[in-house]
Amino acid sequence: MVDLRRLAGLSLVGFLSAISYGADTEYTEMSRPAITQVLRKESAVLDERNFQKEVLDYDGAVIVQFDSTCNKTQSADDIDKNQDIVYLELIDKFEDAKVNNLPLKFAYFDGCGTYAQLPNGFFAEIGVTTTETHMYLDGRKIDTMKGGPISEKGIKAFDTNMSLWIEYTLLGIKQPEDNDKDVIALYRGTLDLESYPRSELYK
């Protein structure tokens, strides 16, 4: 890996003051079941049977949100709810985006089912261990972000960073200071978004 330092010389979590992506009040005031209902309406709903067709066989880009509607703790449910709010905001923001001349696809996979249960279910087969958001390009997973915001303030931070994630890596939209750099933004299975050379996509 070539270390290009963090975007704008900072972790993107600290880059919030430069961009005003705010939490959507309408979503934050909704219940978890109501949010899940909207999420299922606005995204491609995945299961073990259609994952290949909807994600791996898609020639464009797919963002997949993995979580569960039957968490064992309130804390886990709160994180999933907050992350689902972020995800809905991304769907709204990038509804007209295209990659490879195909719509940027947003998909949702609810882990509340026997086929998805760890350690032996379908989630284990595809490497999902917690609340995660995966980015796929040309049928190949190119990045994973694990976790979600624990507060409403965190929703704003995640919205900002995940928007930059999509813009830098899939759409070629960069901040002015990076316009002359061939860089993308990746999580690499963490909550920290950092810059990498575009060649990382092809390794």
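Residue numbers restart at each chain and count upward from 1, following the sequence in its written direction. pLDDT decides what is reported in this predicted model: residues at 70 or higher carry local features, side-chain atom pairs at 80 or more are listed and counted, and totals for whole chains, interfaces and linings draw on all residues regardless. Water and hydrogen atoms play no part in the side-chain values, which are based on all heavy atoms of the structure.

Q: Report on the packing of aromatic side chains, specifying residues and quantitative values.
A: When the centres of two rings from Phe, Tyr and Trp lie within 6.5 Å, Trp using its six-membered ring, the rings pair. Their planes under 30 degrees apart give stacked, over 60 give edge-to-face, and anything left gives tilted. In this structure the tally under the stated criterion is nine aromatic pairs. Their ring planes at 90° and their centres at 5.4 Å tell us that Phe 66 and Phe 123 sit as a pair that is edge-to-face. Here Phe 66, found in strand S2 (residues 61–67), pairs with Phe 123, found in helix H5 (residues 122–125); they are 57 residues apart in sequence, far enough to count as distant. On the basis of relative accessibility, which here comes to 0%, the residue Phe 66 falls in the buried class. Taking 5.6 Å as the distance between ring centres and 75° as the angle between the ring planes, the aromatic pair formed by Tyr 87 and Phe 106 counts as edge-to-face. With a gap of 19 residues between them, Tyr 87 in helix H4 (residues 74–93) and Phe 106 in strand S5 (residues 105–110) connect regions that are remote in the sequence. Of the two residues, Tyr 87 and Phe 106, both sit in the buried class. Ring pairs connect the aromatic residues Phe 51, Phe 66, Phe 109, Phe 122, Phe 123 and Tyr 136, which therefore count as one cluster. A ring is scored as having a charge over it whenever the NZ atom of a lysine or the CZ atom of an arginine sits within 6 Å of its centre and within 35 degrees of its normal. One residue, Lys 105, lies across the ring of Tyr 58, its end atom 4.1 Å from the ring centre. The numbering of helices and of strands both runs from the N terminus, where a helix is a DSSP run of H or I of at least 4 residues and a strand a run of E of at least 2. Think of it in three bands: with a 1.4 Å probe and only protein chains considered, a residue is buried below 20% of the maximum accessible area for its type, exposed above 50%, and partly exposed in between.

Q: Got a sec to walk through H4? Specific residues and values, please.
A: Here H4 spans 29 Å end to end across 20 residues, near enough to the 28 Å set by a 1.5 Å rise per residue. Those residues of H4 that fall on the buried side of the exposure criterion are Asp 77, Asp 80, Asn 82, Gln 83, Asp 84, Ile 85, Val 86, Tyr 87, Leu 88, Glu 89, Leu 90 and Ile 91. Helix span, as expected, comes to 1.5 Å for every residue beyond the first.

Q: Please set out the side chain of Asn 50 residue by residue, giving values where relevant.
A: Within the secondary structure, Asn 50 sits in the loop between strand S1 (44–45) and helix H3 (51–56). Side-chain atoms alone can form a polar contact between residues adjacent in sequence; in general such a contact is a pair of N or O atoms within 3.5 Å, and within protein one must be able to donate a hydrogen while the other accepts it. At a separation of 3.0 Å, a polar atom in the side chain of Asn 50 contacts the main-chain carbonyl oxygen of Val 45.

Q: Give me the sheet that holds S1: which residues, what numbers.
A: The strands that make up a sheet are held in pairs by hydrogen bonds between backbone atoms, and each pair lies either parallel or antiparallel. In this description, strands pair whenever DSSP reports at least two bridges between them. If you walk across this open sheet you meet the five strands as S1-S5-S2-S6-S7, and the pairing is mixed. On the outer flanks of this sheet lie S1 and strand S7 (140–146), each paired with one strand and no other. Strands S1, S2 and S5 of the sheet are contacted by helix H2 (residues 32–42), whose axis makes an angle of about 135° with S5. On the sheet, helix H6 (residues 152–171) packs against S2, S5, strand S6 (132–137) and S7 and is oriented at approximately 15° with respect to S6. Whether two residues touch is decided by their heavy atoms; if any such pair falls within 4.5 Å, the residues are in contact. Structural elements are reduced to axes, namely lines fitted to C-alpha atoms, with helices fitted over the stretch in contact, and the angle between N-to-C directions of any two is expressed from 0 to 180 degrees.

Q: I'd like a description of H2, backed by residues and values.
A: For H2, the complete set of buried residues consists of Arg 32, Ile 35, Thr 36 and Leu 39. Down the axis of H2, the sector holding all buried residues measures 100°, keeping them to one side. Across H2 from its buried face, at more than 90 degrees, point the exposed residues Pro 33, Gln 37 and Lys 41. Regarding the arc, it is the one traced by the directions from the helix axis to the C-beta atoms.

Q: Can you break down the confidence of the model for the chain residue by residue, with the values?
A: The predictor rates its confidence in each residue with pLDDT, a number between 0 and 100. Scored by pLDDT, the chain comes out at a mean of 87, with 87% of its residues at no less than 70. Note on residues 1–23: pLDDT under 50 across the span, and 50 contacts to partners over four residues away in sequence or across chains.

Q: Give me the lowdown on the packing of H2 against H4, citing residues and values where you can.
A: One way to put it is that H2 packs onto H4 with a least axis distance of 10 Å and a crossing angle of 35°. Where H2 crosses over H4, the two elements pack in a sense that is left-handed. Across the interface between the two elements, Arg 32, Ile 35, Thr 36, Val 38, Leu 39 and Glu 42 of H2 pack against Asp 77, Asp 80, Lys 81, Asp 84, Ile 85, Tyr 87, Leu 88 and Ile 91 of H4. Note on residue categories: nonpolar means Ala, Val, Leu, Ile, Met, Phe, Trp, Tyr, Cys or Pro, charged means Asp, Glu, Lys or Arg, and polar means any other residue, Gly included. Class assignment of the residues belonging to the contact of H2 with H4 gives a composition of seven nonpolar, one polar and six charged. With the far helix as reference, a near helix turned anticlockwise by less than a right angle produces a left-handed crossing, and one turned clockwise produces a right-handed crossing.

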